[in-house]
Amino acid sequence: MPDNEAKPGYARAVTLFYCINAVKSSIFAKLEDVGEFEINPVKIPCSSMIKETFILKALEAGAEAVLIITCPEDSCQFIDGNRRANKRVERVRQMLDEIGYGGWRVSIHNSRIENEDEICLLFRQALGQGENSFTAESLLAGE
Amino acid sequence: MIVAEQKPLAEIIEMVSPYGKLLILGCGTCVKTCFAGGEEEVAILASLLRLAFKKKGIDIEISELTIERQCENEFIQEASLAVSRNDAVLSLACGAGVQDVARRFTGKPVLPGLNTTFVGVMESRGLFTEECLCCGDCRLGLTGGVCVLARCAKKLSNGPCGGSRNGKCEVNPDSDCAWQLVIDRMKNLGTLDKLREYTPPRDWRSSNSGGPRKILREDMVI
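It should be emphasised that the depicted structure is a prediction, and the values quoted were computed from it without experimental measurement.

## Re the interface of chain B and chain A
Working step 1: If you look at the interface, chain B gives 17 residues, while chain A gives 21 residues.
Working step 2: Taken together, the two surfaces of chain B and chain A that pack against each other cover about 1,600 Å², and 60% of this comes from carbon and sulfur.
Working step 3: Broken down residue by residue, the surface that chain B buries against chain A is led by Leu51, Lys54 and Lys55 of chain B, which jointly contribute 41%.
Working step 4: There are 4 salt bridges connecting chain B and chain A.

## Description of the packing of helix α2 (residues 52–60) of chain A against helix α3 (residues 81–98) of chain A
Packed helices, taken two at a time, are described by the angle their axes make and the gap between the axes.
Residues and elements named next belong to chain A.
Working step 1: As a packed pair, α2 and α3 sit with axes 9 Å apart at the nearest point and diverge in direction by 45°. Classified by the angle between their axes, α2 and α3 sit oblique to one another. α3 is crossed by α2, and the crossing has right-handed handedness. Across the interface between the two elements, Glu52, Ile55, Leu56 and Leu59 of α2 pack against Arg88, Val89, Arg91, Val92 and Leu96 of α3.
Working step 2: Residue classes in the contact of α2 with α3 are distributed as 6 nonpolar, no polar and 3 charged.

## What about the pattern of salt bridges?
Working step 1: Using the criterion set out here, one finds 19 salt bridges over all chains in the structure.
Working step 2: With its nearest N and O atoms 3.2 Å apart, the salt bridge here joins Glu60 of chain A to Arg50 of chain B. Here Glu60 of chain A, found in helix α2, pairs with Arg50 of chain B, found in helix α3 (residues 39–56), and the two come from separate chains.
Working step 3: A salt bridge links Arg151 of chain B to Glu131 of chain B; the nearest nitrogen and oxygen atoms lie 3.2 Å apart. You can see Arg151 of chain B sitting in helix α7 (residues 148–151) and its partner Glu131 of chain B sitting in strand β7 (residues 127–132), a full 20 residues away along the chain.

## Observations regarding the sheet that holds strand β6 (residues 114–124) of chain B
Residues and elements named next belong to chain B.
Working step 1: Judged by pairing direction, the sheet is antiparallel, and its 3 strands sit side by side in the order β1-β6-β7 without closing on themselves. Unpaired on one side and paired on the other, β1 (2–6) and β7 mark the two borders of the sheet. For this sheet, the mean angle separating the axes of adjacent strands, direction not counted, is 70°.
Working step 2: Bridge count between β6 and β7: 5 bridges; the pairing is antiparallel.

## Overview of α3 of chain B
Residues and elements named next belong to chain B.
Working step 1: Helix length check: α3 (18 residues) gives 26 Å between terminal C-alpha atoms against 26 Å at 1.5 Å per residue, within 8%.
Working step 2: Among the 18 residues of α3, 13 are classified as buried, and the element is accordingly described as predominantly covered.
Working step 3: Immediately downstream of α3, the backbone of Gly57 shows phi near 75°, a positive value.

## Here we look at the sheet that holds strand β3 (residues 65–70) of chain A
All names here are of chain A.
Working step 1: Strand order in the open sheet formed by 4 strands is β2-β1-β3-β4, and the pairing between neighbours is parallel. With one partner strand each, in any of the chains shown, β2 (37–44) and β4 (106–110) form the two edges of the open sheet. Going across the sheet, the axis of each strand differs from the next one's by a mean of 20°, ignoring polarity.
Working step 2: Of the strands in this sheet, β3 and β4 are in contact with α3, which crosses β4 at around 160°.

## A few points about unusual backbone geometry
Working step 1: Here Ile79 of chain A, not a glycine, exhibits a phi torsion of approximately 75°, which is positive.
Working step 2: As for its placement among the helices and strands, Ile79 of chain A is situated in the loop between β3 and α3.
Working step 3: Positive phi, close to 55°, is recorded for Phe35 of chain B, a residue that is not glycine.
Working step 4: Using a relative accessible area of 38% as the deciding quantity, one classes Phe35 of chain B as partly exposed.

## Considering the nonpolar core
Working step 1: Core analysis: the biggest nonpolar cluster contains 48 residues, and Leu96 and Ile99 of chain A together with Leu22, Ile24, Leu49 and Leu90 of chain B have the highest contact counts within it.
Working step 2: For this core, the element with the highest residue contribution is α3 of chain B, accounting for 9 residues.
Working step 3: In contact with Leu96 of chain A, not counting residues within four places along its chain, are Leu56, Leu59, Tyr101, Gly102, Gly103 and Val106 of chain A together with Leu48 and Leu51 of chain B.
Working step 4: Counting residues in each nonpolar core, the second largest holds 21 residues, with Leu16, Ala22, Ile27 and Leu127 of chain A among its members.

## A few points about the environment of Asn158 of chain B
Residues and elements named next belong to chain B.
Working step 1: Following the sequence through the fold, Asn158 ends up in the loop between α7 and α8 (178–189).
Working step 2: Residue classification places Asn158 among the exposed residues on the basis of a relative accessible area of 76%.
Working step 3: Taking C-alpha positions, Asn158 is 39 Å from Glu72, a pair spaced 86 residues apart along the chain.

## Brief notes about the pairing of β4 of chain A
All names here are of chain A.
Working step 1: Across 5 bridges, the pairing between β3 and β4 is parallel. Looking at β4, one finds that Leu67 is bridged to Ser107.
Working step 2: Each parallel crossover has a hand, and the one from β3 via α3 to β4 is right-handed.

The rules behind the values
Residues numbered from 1 in each chain as written. Chains lettered and ligands numbered in written order. Predicted model: local features only at pLDDT ≥ 70, side-chain atom pairs only at ≥ 80, totals over all residues. Heavy atoms only, no water. Contact = heavy atoms within 4.5 Å. Buried area = accessible area lost by both parts, 1.4 Å probe. Salt bridge = Lys/Arg side-chain N within 4 Å of Asp/Glu carboxyl O. Axes fitted to C-alpha atoms, helices over the stretch in contact; angles between N-to-C directions. Helix = DSSP H or I, 4+ residues; strand = E, 2+ residues; numbered from the N terminus. Parallel < 35°, antiparallel > 145°, perpendicular 65-115°, else oblique. Left-handed = near helix turned anticlockwise from the far one by under 90°. Nonpolar A, V, L, I, M, F, W, Y, C, P; charged D, E, K, R; others polar. Pairing = 2+ DSSP bridges. Expected span 1.5 Å × (residues − 1). Buried < 20%, exposed > 50% of the residue type's maximum accessible area, 1.4 Å probe, protein only. Core = buried A, V, L, I, M, F, W, Y, C linked by side-chain atoms within 4.5 Å. Right-handed = clockwise from strand over helix to strand, strands pointing away.

Structure, rendered in structure tokens:
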């Protein structure tokens, strides 16, 4: 079974890159109690710091999906950090689709997150997209 | 700079699939500037290939290295150890770089990861445009610093074709008419009258139609 697929009884691994201006760090302490996901949060001073390699390395390291949370559009304190992040995410998604790995694994969310429920919803949405289009069986079959 | 773009991933995957150990060799000069072959692009491609082969259940060991220039032996030598440890090299350099690396490591397959496209400039971030055809007989001094050979779709040397509209080319309306650029610039410089002067036909013997060109600088040969 490929590393990226959740094994029965295990939490689904998600890597989260988040702008410190978009997500309250206190959320993560509460998320530990949820247990549904194995979250690897990576805080960044601005989403413009996101590079394609960071996302791909996270997938290589075993993340089933990568979620990026940025400030809302037009409210980046570095002017266009979130626009840059959007472009890079789009490029990674296209490349992952091109190799058949599933661009759905990478998603970006441009709004401030205030509580753990919101973030859990985003994780479920991010992982849910794959359940219909890219299952463990299809991965194993090399489809 | 030499402008290149990465080959489609499917083509690269097919090309490298016979090899168990692959070195992705980047070039840190022209193709780095055009976001096709520097450290960053090497890392991205390496990750993508690892993921693609993992999905296929194929074991492949991929290593990464970027040298300053792949078209100069002194820099190529820095890759010797890495090349010797791998079954093949996927070069993210222009065609000259790929060939120079292949010449240096005769027993190793060296594969091109890029399509070398043109000699050009970065007009704005992310936009690269062709500016020079390397014709070997530069006439930029006569046309206000605008190369009509590279930038006119019809390669006209004696003035505009008459088909341009609003300063745009009739062949490709997204491109500026090269002759419009020449006239605007020479007007600006106050040298428009120079266009009336007779200039002899271009010397095409210096172009690449006679096979690969060579320049020998005797003063540099020891």
